[in-house]
Amino acid sequence: MELTVVVQNLGHGGLRNGSGDPEDRWPLLAERIRSAGPADLVLVQEAVDWDRYGHRQLGRAMRDLDMDATPLPPSSSGYRPALLYRKETVGRWLHWNPDFSHKTTHGFGVAVFDVGLPAPLSVVSVHLDPHDADIARSEAKYVATRGYRYGPYALIAGDINYPPASPDHPQPAYEEMRPYNRAARTRLPSEVDGRLVPERRVAEKLEQSGYVDAAWHLFQESGDKQLLARTGTDDRIDQAWVSTPLRDTITEYRLLDSPAGASDHKGFVLRLDLSKAATDDVWAYR
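Remember, it's a predicted structure, so these values are computed and weren't measured experimentally.

Draft legend 1. Region of interest: the pairing of strand 6 (residues 110-113). Burial of the side chains of strand 6 extends over both faces: Val110 and Val112 are buried on one face and Ala111 and Phe113 on the other. When strand 6 meets strand 7 (residues 121-127), the two strands line up antiparallel, connected through three bridges. By the bridge assignment, Phe113 is partnered in strand 7 with Leu121.

Draft legend 2. Looking closely at helix 4 (residues 133-147). Compared with the 21 Å implied by 1.5 Å per residue over 15 residues, the 20 Å span of helix 4 between its first and last C-alpha is a close match. Burial in helix 4 covers these residues: Ala133, Ala136, Glu139, Ala140, Val143, Ala144, Arg146 and Gly147. Buried residues of helix 4, viewed axially, fall in a sector of 165°; they line one side. A side-chain oxygen of the first residue of helix 4 lies 2.8 Å from the backbone nitrogen of Asp134; this N-cap is Asp132.

Draft legend 3. Region of the structure containing the nonpolar core. One finds Leu41, Leu43, Phe113, Val123, Leu155, Leu246 and Leu270 to be the most contacted residues of the largest nonpolar core, which totals 37 residues. Beyond its immediate sequence surroundings of up to four residues, Leu155 is in contact with Val5, Leu41, Leu121, Ser122, Val123, Val124, Trp241, Val242 and Leu270. Counting residues in each nonpolar core, the second largest holds 24 residues, with Val124, Leu128, Val202 and Leu206 among its members.

Draft legend 4. Expanded view of the packing of aromatic side chains. Scanning the entire structure with this criterion turns up seven aromatic pairs. Consider the rings of Tyr85 and Phe113, whose centres lie 5.3 Å apart with planes at 55°: the pair is tilted. Within this pair, whereas Tyr85 is found in strand 4 (residues 82-85), its partner Phe113 is found in strand 6, the two being separated by 28 residues in sequence. Comparing Tyr85 with Phe113, the two get one shared label, buried. Linked through ring pairs, Tyr148, Tyr211 and Trp283 together constitute an aromatic cluster. Sitting over the face of the ring of Tyr150, Arg149 holds its NZ or CZ atom 5.1 Å from the ring centroid.

Reading the values: the criteria
- Residues numbered from 1 in each chain as written.
- Predicted model: local features only at pLDDT ≥ 70, side-chain atom pairs only at ≥ 80, totals over all residues.
- Heavy atoms only, no water.
- Buried < 20%, exposed > 50% of the residue type's maximum accessible area, 1.4 Å probe, protein only.
- Helix = DSSP H or I, 4+ residues; strand = E, 2+ residues; numbered from the N terminus.
- Pairing = 2+ DSSP bridges.
- Expected span 1.5 Å × (residues − 1).
- Arc of directions from axis to C-beta.
- Polar contact = N/O pair within 3.5 Å; in protein donor to acceptor, adjacent residues only side chain to side chain.
- Core = buried A, V, L, I, M, F, W, Y, C linked by side-chain atoms within 4.5 Å.
- Contact = heavy atoms within 4.5 Å.
- Phe/Tyr/Trp six-rings, centres within 6.5 Å; stacked < 30°, edge-to-face > 60°.
- Lys NZ or Arg CZ within 6 Å of the ring centre and 35° of its normal.

As structure tokens, then:
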């Protein structure tokens, strides 16, 4: 079975601009998401106001994409992530678990599907705290651990908000960083040469927890630098991480940036060939 996964930060729900003024960009976002072809899973972030007026915008997204959705997770900020799925391919969810949503700024939930693997597949749309790397590291550990709640097969994707883990990854565009992002996404200048140091410890926590950065994995195999292109203005802060047993299932990753103006983040599409999943160590959570 092959899965097509689309990931996109909406930017204030796709309904307003940063000042709170009405700005309905959802038609552009829907066009961008559909440009990837029929998706099995769509993970979005900043689903602001998607719960208002009887979940009107969530229903609109379901109709426009012809997909179903999990419930929206609790969120103290209102900038919650959301997940849509195609029941014709992944079936209906077996579990929807937002038990530790309150431990994060924006909230999260674990959706669990039977996709023919020896254990269920857990899927998490995530948006980590952008203000404090120490908070985001803690959130990353909660998300990583809860991703394993139903077994070893997990996909975590969304707005990680921090640089990728590898020190060999291209440097951020520091000149494009706002001061508040620079304060969060960099560490103190290097004692050796005084240059800024990317704050890679958030993504490192996902790597330490047994997850693989999909774009970086394909880059290591192919050397194609387009795989490492920035998704935000200053860095590749939107990322997809799969648990180690799914590492070899990653077959494609590419950015989605058309139509322009849909969001301040580029989206991306990820394809997984589940027939290549490792099946020799299927453990249970305890």
